2 protein chains.
Amino acid sequence: MGASKSDHFTEEQNELSILFKALGHPARIAIIQHILSTKSCICGDLVEKFPLSQATISQHLKELKYANIIQGTIEGNSICYCLNPQTLEKLNQVINHFIDSEKCKGTQCC
Amino acid sequence: MGASKSDHFTEEQNELSILFKALGHPARIAIIQHILSTKSCICGDLVEKFPLSQATISQHLKELKYANIIQGTIEGNSICYCLNPQTLEKLNQVINHFIDSEKCKGTQCC
DNA sequence: AAAGTAAATCGTAATATTGCAATATAGTAA
DNA sequence: TTACTATATTGCAATATTACGATTTACTTT
């Protein structure tokens, strides 16, 4: 076998892993960076920007949406995507919690 | 086809995705949380703690090591793993950069 | 309505990940 | 050295991800 034993882990662990997994592909990092570098929200210009087909881009966007990292609104004929600040904030808290816990330990064994 | 067009993306994008991908599995999140919750570095008690075989745990540890999230030192017969603070800090910076860029945009279109 | 445009979905092939039993490796203890 | 213990690696099956052409859906324009 080889998959997702998600029942064996906590709700939080599964949630977090979905979030991180969504960020675990260079194309999706590139999409996020592109959204950040664009003043307005982005629409379908990603297909021209990246060496990936429209279908593939759409699939990556779907995953980012599923993880609540981006959100889209319909804008006439096209769709406008931008980041979800709440999810970014949550991510920030998670990492900070990691760092705080690590510092708190005070052990320096490695 | 169906894989890694990593040539088409920047070094940074590939690096970041490796980092996030390593965090993109509930077992690996659980391992990290366990390391954080343990005062000293952890050794092989993970196998008893999780419903996964020794081989599987070892494989997850290997991925975390590859992404530089954990580091291990040999401690007698067993191995002692703990988190790499530098990688956590890098992760923190990345997320903060995302948040800063987002705030900087000042557009509220979604 | 008909044609055009943009994004999503479907079907499918290639590849990667996950998980484990079995085995190998490396150190410890007798 | 031999037995023991702990972790890593190998080989393989099951599943998931990635990518894209073709198609569908939804909206716009003529």
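Model, not experiment: these values are computed from the prediction.

Draft legend 1. Expanded view of the overall build of chain A. In terms of helices and strands, chain A carries 5 helices and 2 strands. From first element to last, N terminus to C terminus, chain A shows the α and β order α-α-α-α-β-β-α. Counting only residues that meet the buried cut, chain A has 45% of its 110 residues in that class. Residue pairs at least 24 apart in sequence account for 48% of intrachain contacts in chain A once pairs closer than 6 positions are excluded. When the accessible surface of chain A is summed, it comes to about 6,100 Å², and 51% of that surface belongs to carbon and sulfur atoms.

Draft legend 2. Highlighting the relation of the copies chain A and chain B. Here chain A sits on chain B after a turn of 180° about the axis and a move of 0.0 Å along it, with an RMSD of 0.1 Å. On the angle and the small slide along the axis, the relation comes out as a two-fold axis. A shared binding surface is used by both copies, with 100% of the interface residues of chain A retained as interface residues in chain B.

Draft legend 3. Spotlight on the packing of helix α1 (residues 11–22) of chain A against helix α5 (residues 85–105) of chain A. All names here are of chain A. Where α1 contacts α5, the two axes come as close as 12 Å, and the packing angle between them is 115°. On the basis of their axis angle, the class for α1 and α5 is roughly perpendicular. Like other packed secondary-structure pairs, α1 and α5 cross with a definite hand, here left-handed. Between α1 and α5, the residues in contact are Glu 15, Leu 16, Leu 19 and Phe 20 and Thr 87, Lys 90, Leu 91, Val 94 and Ile 95, respectively.

Draft legend 4. Structural view of the interface of chain A and chain B. Contacts between the two partners involve 49 residues from chain A and, on the opposite side, 49 residues from chain B. With both sides pooled, the region where chain A packs onto chain B buries about 4,400 Å², and carbon together with sulfur makes up 71% of that total. Applying the counting rule to chain A against chain B returns 0 salt bridges. Counting across the chain A and chain B interface gives 3 residue pairs in polar contact (both at pLDDT 80 or more). Secondary structure elements with two or more residues in the side of chain A that touches chain B: α1, α2 (26–37), β1 (70–75), β2 (78–83) and α5 of chain A. Across the side of chain A that touches chain B, the residue classes tally to 27 nonpolar, 15 polar and 7 charged.

Draft legend 5. Seen up close, the packing of aromatic side chains. Inspection of every chain in the model, using the stated rule, returns 3 aromatic pairs over all chains. Ring geometry for Phe20(A) against Phe20(B): centres 6.1 Å apart, planes inclined by 20°, an arrangement best described as stacked. One end of the pair, Phe20(A), is in helix α1; the other, Phe20(B), is in helix α1 (residues 11–23), on a second chain. Given the relative accessible area of 0%, Phe20(B) is considered buried. Look at Phe50(A) and Phe9(B): their rings are 6.5 Å apart centre to centre, the planes differ by 40°, and that puts the pair in the tilted class. Here Phe9(B) lies in the segment before α1 and Phe50(A) lies in the loop between α3 (46–49) and α4 (54–66), a pairing that spans two chains. Neither Phe50(A) nor Phe9(B) differs from the other in exposure class; each is buried.

Draft legend 6. Representation of α4(A) within the structure. All names here are of chain A. In this model α4 runs 18 Å from its N-terminal to its C-terminal C-alpha over 13 residues, within 8% of the 18 Å that 1.5 Å per residue would give. Every buried residue of α4 is listed here: Ile 57, His 60, Leu 61 and Leu 64. For α4, the angular spread of the buried residues around the axis is 100°, confining them to a single face. Pointing more than 90 degrees away from the buried face of α4 are the exposed residues Gln 59, Lys 62 and Tyr 66. Of the surrounding elements, those touching the buried residues of α4 are α1, α2, α3, β1 and β2. Asn 68 sits one or two residues past α4 and shows a positive phi near 65°.

Calculation notes
Here the residue numbering is sequential within each chain, running from 1 through the sequence in written order. In the order they appear in the text, chains get letters beginning with A and ligands get numbers beginning with 1. Totals for whole chains, interfaces and linings use every residue, but because this is a predicted model, local features are given only for residues with pLDDT of at least 70 and side-chain atom pairs only at 80 or more, for both listing and counting. The basis for the side-chain values is all heavy atoms of the structure; hydrogens and waters are excluded. Only DSSP runs of H or I with at least four residues qualify as helices, and only runs of E with at least two residues qualify as strands; both kinds are numbered from the N terminus onward. A simple rule labels every residue: compare its accessible area, found with a 1.4 Å probe on the protein chains alone, to the largest value its type can have, and call it buried under 20%, exposed over 50%, or partly exposed in between. Contacts between residues were defined by any pair of non-hydrogen atoms, one from each residue, lying within 4.5 Å. Using the Shrake-Rupley algorithm and a 1.4 Å probe, accessible areas are obtained, with residue cover drawn only from the displayed protein chains. Least squares is used to superpose the copies, and the fit set is the C-alpha atoms of residues whose pLDDT is at least 70 in both copies. For helices, the fitted axis covers only the stretch in contact; all axes are lines through C-alpha atoms, and the angles between them, taken along N-to-C directions, range from 0 to 180 degrees. Orientation categories follow fixed angle ranges, with anything under 35 degrees roughly parallel, anything over 145 roughly antiparallel, 65 to 115 roughly perpendicular, and all other angles oblique. Definitions for this section: a left-handed crossing has its near helix turned counterclockwise from the far helix by less than a right angle. A right-handed crossing has that turn clockwise. As used here, buried area is the combined drop in accessible area, with a 1.4 Å probe, of two parts when they are placed together. Salt bridge, as applied in this entry: a Lys or Arg side-chain nitrogen positioned within 4 Å of an Asp or Glu carboxyl oxygen. For the purposes of these results, a polar contact is taken to be a pair of N or O atoms within 3.5 Å, where, inside protein, one atom must be able to donate a hydrogen and its partner to accept one; residues adjacent in sequence count only when each atom of the pair is a side-chain atom. Residues are sorted three ways: Asp, Glu, Lys and Arg are charged, Ala, Val, Leu, Ile, Met, Phe, Trp, Tyr, Cys and Pro are nonpolar, and all the rest, Gly among them, are polar. Pairing of aromatic side chains requires ring centres within 6.5 Å, counting the rings of Phe and Tyr and the six-membered ring of Trp. Pairs whose planes differ by under 30 degrees are stacked, by over 60 edge-to-face, and all others tilted. By this rule, a helix spans an expected 1.5 Å times one less than how many residues it contains. Working definition: the arc comes from the directions between the helix axis and the C-beta atoms, pointing outward to the latter.

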